[in-house]
Amino acid sequence: TGLTGEELFPRFSDGEYARRYRAVRAAMEKENLDAILISGARGSSEVHYLSNYLAQSPCWLFFPRDGEATVFIHFFNHQPCAKAQAVTNDVRWYGPAPLPTLAEEIRRRGLAKSRIGLVSMRAMAYGHVTELQRLFPEAEFVEFGPQFGRIRRVRSEEELTYLRRSGYLTDLATKKLRSSLAT
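Heads up: these notes are all about the structure in this document. In this numbering scheme, every chain counts its residues from 1 along its sequence in written order. Under the rules for a predicted model, residues below a pLDDT of 70 receive no local features and side-chain atom pairs below 80 are neither given nor counted, while totals for whole chains, interfaces and linings still include all residues. For side-chain calculations, the full set of non-hydrogen atoms in the structure is used, while hydrogens and water are omitted.

### Digging into the environment of alanine 18
By the element assignment, alanine 18 lies in helix α2 (residues 14-30). Under the scheme applied here, a residue whose accessible area is under 20% of the maximum for its type counts as buried, over 50% as exposed, and between as partly exposed, the area being computed with a 1.4 Å probe on protein chains only. We classify alanine 18 as partly exposed; its relative accessible area is 30%. Once the C-alpha coordinates of alanine 18 and leucine 50 are considered, the two residues, 32 residues apart in sequence, prove to be 9.5 Å apart. Numbering of helices and strands runs from the N terminus, with a helix taken as a DSSP run of H or I at least four residues long and a strand as a DSSP run of E at least two residues long.

### As for the sheet that holds strand β2 (residues 59-64)
We call two strands paired when DSSP finds no fewer than two bridges between them. Reading across from one edge, β4-β3-β2-β1-β5-β6 is the order of the six strands in this open sheet, with mixed pairing throughout. Each of the sheet's edge strands pairs with one partner strand only, and the pair in question is β4 (90-93) and β6 (140-143). Strand-to-strand, the axes of this sheet are offset by a mean angle of 25°, without reference to chain direction. The contact criterion used is simple: two residues touch if any of their non-hydrogen atoms lie within 4.5 Å. Every axis corresponds to a line fitted to the C-alpha atoms, with the helix fit spanning only the stretch in contact, and the corresponding angles, defined between N-to-C directions, vary from 0 to 180 degrees. The strands that α2 touches are β1 (35-40) and β2; relative to β2, the one it contacts most, it runs at about 70°.

### Thoughts on the pattern of salt bridges
The term salt bridge refers to a side-chain nitrogen of Lys or Arg lying within 4 Å of a carboxyl oxygen of Asp or Glu. Overall, the coordinates contain 14 salt bridges when judged by the stated rule. Linking arginine 115 and glutamate 140 is a salt bridge whose minimum nitrogen-to-oxygen distance equals 2.9 Å. With arginine 115 in strand β5 (residues 115-119) and glutamate 140 in strand β6, this pair connects stretches of sequence that are 25 residues apart. Assessed through its relative accessible area of 40%, glutamate 140 is described here as partly exposed.

### Details of the side chain of aspartate 90
With respect to the helices and strands, the residue aspartate 90 is situated in strand β4. Definition of a polar contact: a pair of N or O atoms within 3.5 Å, with one able to donate and the other able to accept a hydrogen when the atoms are protein atoms, and with sequence-neighbouring residues admitted only if both atoms are side-chain atoms. A distance of 2.8 Å separates polar atoms of two side chains, one belonging to aspartate 90 and the other to threonine 70. Separated by 2.7 Å, the side chains of aspartate 90 and arginine 92 make a polar contact. Excluding residues that lie within four positions of it along the chain, aspartate 90 makes contacts with Glu68, Ala69, Thr70, Val71 and Arg109.

### Some words on the pairing of β4
Successive residues of a regular strand alternate their side chains across the two faces of the sheet. Both strand β3 (residues 70-73) and β4 contribute to a ladder of four bridges, which runs parallel. What sits directly across from isoleucine 73, in β4, is tryptophan 93.

### Points about helix α5 (residues 98-108)
Along α5, the positions that sit buried rather than exposed are Pro98, Leu99, Thr101, Leu102, Ala103, Glu105 and Ile106. Those residues of α5 that are buried lie in contact with β1, β2, β3, β4, β5 and α6 (126-135). Phi turns positive, to about 70°, at glycine 110, one or two residues after α5.

### Digging into a nonpolar patch on the surface
Only residues whose relative accessible area exceeds 30% and that take part in no salt bridge are eligible for patches, with like-charged residues grouped when within 9 Å of each other and nonpolar side chains (Val, Leu, Ile, Met, Phe, Trp, Tyr) grouped when within 5 Å. For the accessible areas, the method is Shrake-Rupley and the probe is 1.4 Å, while residue cover comes only from the protein chains on display. There is a patch of nonpolar side chains on the surface, built from Tyr168, Leu169 and Leu172 and spanning about 280 Å² of accessible area. In this structure, leucine 169 sits in helix α8 (residues 157-182).

### Describing the packing of aromatic side chains
Any two of the Phe, Tyr and Trp rings considered here, Trp counted by its six-membered ring, make a pair once their centres fall within 6.5 Å; the pair's planes then place it as stacked at under 30 degrees, edge-to-face at over 60, or tilted in between. On inspection of all chains with the given rule, the structure shows seven aromatic pairs. Ring plane angle 85° and centroid distance 5.7 Å describe the contact between tyrosine 49 and phenylalanine 148, whose orientation is recorded as edge-to-face. Taken together, the residues span a long stretch of sequence, with tyrosine 49 in helix α3 (residues 46-51) and phenylalanine 148 in helix α7 (residues 145-153) at a distance of 99 residues. With respect to class, tyrosine 49 is no different from phenylalanine 148; both count as buried.

Written out as structure tokens, the structure reads:
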């Protein structure tokens with residue numbers, strides 16, 4: 001038997017994700033947002049923060065104020081890995097281009113006339129933002145990146161434990177590297 005699930009993809013506890021979801025949804029409530037859309041790609045951490053999916057290619061997270069989040073990924077063949085990593089149950093391939101699938105999801109959830117936050121609007125492709133605005137002229141798309149960033153900067157004890165452990169392991173690896181280079 002090989003490593004699977006949580007053994008292969010370490011993740012925070014369900015309680016930690018519940019804490020994050022409460023914090024983000026409280027900020028969404030304050031800003032009167034019905035959902036947020038987070039654009040991600042390799043090396044970005046925003047999608048990972050709420051889903052545990054480590055993006056290896058372009059992806060999106062649809063995170064509603066009420067209901068379950070959905071991770072949309074670029075490559076069809078990445079679905080098994082994405083589903084194994086993600087804490088969200090709904091992981092889907094968005095097809096050859098993300099906007100038609102995201103638009104369909106916005107309509108399916110009845111949010112075509114809603115207020116939707118974008119994380120981070122400044123980092124998204126301009127064409128994606130303008131296409132969302134064109135497809136949903138009665139919706140309002142607003143920047144939510146700064147609010148999201150403020151939430152992420154307040155660390156829980158569980159997050160601090162992970163950071164301390166990561167620092168310890170990095171120190172061990174650096175020490176071993178130094179000793180191997182010295183010989």
